[in-house]
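Examination of the molecular architecture
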Amino acid sequence: MLAAPQTTEETAMPGGRLTQQERQQIALGLADGLAYAEIARRLDRPTSTVTREVMRNGGPTTYRADLAHRATERRTHRRGQTAPRKSAAPAQSHGRDAEAVREYEEIFTTALIQSGTPKMMARVMTCLYTADSGSLTASELVQRLQVSPASISKAVAFLDSQGLVRRERDERRRERYVVDDDIWYQSMISSARSTAQIVETARQGVGVLGPRTPAGVRLENIARFLAFVTESLIRSAEQAREVLHAKPETPADSTD
């Protein structure tokens, strides 16, 4: 007699969804300090599958198999309810694999979220950074992310205030949101200036609390540490700034 059929989540299938048992193996591998590639090899899965699974479920330090399994079930249910909206996904250029691009966008978005970027702002940044043009209009972002114009407006306002996007008008007078070559440099310099203000404030505290008191010594050590890191960051950013302006290499056999 044939065995009773199992659900997709219960059966390990190459290219299929991860099973709960596989998620438990991922959790054990992370606890043992294994690299994503080694965990993937043991599961006979692509490394990208393991990376995406961990990054979308809390990252390597907080990943839990049971929570990840339930979260995947919820996402699958939501996708089933909103499947018709996927027809708005943009076509891929340069022969890219649309599914691979979508998976990478999820990984990049999760990395931004874990670094402290709010979810919608992270999704907008991912769209901008993975667009070859490096710029999109509000309507294009609405279409790509399938969210309201108000959500896009709020996200862009936040990113603009942080110096992470730039606004400009195109030839049709539409406002475009741009991530240009200098965005990360300017953002780092802005962050360094904010830290420099903390250094100054900490040293004011040393004068108030006394340079020989435990609290005063603590604040002086903080100020010295942050001052050193800030100066190093600014110096490194200045030296590496030209990297942000590097262009793709032109093939040797191409013509002007």
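Look up a bit, the structure's there.
This structure is a prediction, so every number in the text was calculated from the model and none was measured.

The rules behind these values
Residues numbered from 1 in each chain as written. Predicted model: local features only at pLDDT ≥ 70, side-chain atom pairs only at ≥ 80, totals over all residues. Heavy atoms only, no water. Axes fitted to C-alpha atoms, helices over the stretch in contact; angles between N-to-C directions. Helix = DSSP H or I, 4+ residues; strand = E, 2+ residues; numbered from the N terminus. Parallel < 35°, antiparallel > 145°, perpendicular 65-115°, else oblique. Left-handed = near helix turned anticlockwise from the far one by under 90°. Contact = heavy atoms within 4.5 Å. Nonpolar A, V, L, I, M, F, W, Y, C, P; charged D, E, K, R; others polar. Core = buried A, V, L, I, M, F, W, Y, C linked by side-chain atoms within 4.5 Å. Buried < 20%, exposed > 50% of the residue type's maximum accessible area, 1.4 Å probe, protein only. Expected span 1.5 Å × (residues − 1). Polar contact = N/O pair within 3.5 Å; in protein donor to acceptor, adjacent residues only side chain to side chain. Patch = residues over 30% accessible without salt bridge, like charges linked within 9 Å, V, L, I, M, F, W, Y side chains within 5 Å. Areas by Shrake-Rupley, 256 points an atom, 1.4 Å probe, with all protein chains shown as cover. Salt bridge = Lys/Arg side-chain N within 4 Å of Asp/Glu carboxyl O.

What follows is about the packing of helix α5 (residues 98-114) against helix α6 (residues 119-130). In the contact formed by α5 and α6, the axes pass within 9 Å of each other and the chain directions differ by 130°. With respect to α6, the axis of α5 lies oblique. Handedness of the α5/α6 crossing: right-handed. Each of Y104, E105, F108, T109, L112 and I113 in α5 lies in contact with α6, whose residues at this interface are K119, A122, R123, M125, T126, Y129 and T130. Residue classes in the contact of α5 with α6 are distributed as 7 nonpolar, 3 polar and 3 charged.

A few words now on the nonpolar core. Counting 21 residues, the largest nonpolar core has V124, L128, L141, I152 and L159 as the members making the most contacts within it. If you list the elements that add at least two residues to this core, you get α5, α6, α7 (138-145) and α8 (149-161). Of all the elements, α6 adds the most residues to this core, at 6 residues. Apart from residues lying up to four places away in sequence, L141 is in contact with V124, C127, L136, Q146, I152 and Y177.

For α5, spanning 17 residues, the distance from its first C-alpha to its last is 25 Å, which sits close to the expected 24 Å at 1.5 Å a residue. One side-chain oxygen of the residue at the start of α5 lies 2.9 Å from the amide nitrogen of E99, identifying that residue as D97. Phi turns positive, to about 110°, at G116, one or two residues after α5.

The next subject is a nonpolar patch on the surface. A grouping of F225, F228 and V229 is seen on the molecular surface, where their side chains present a nonpolar patch of about 340 Å² in accessible area. One can find V229 in helix α10 (residues 214-240). For V229, a relative accessible area of 39% puts it in the partly exposed group.

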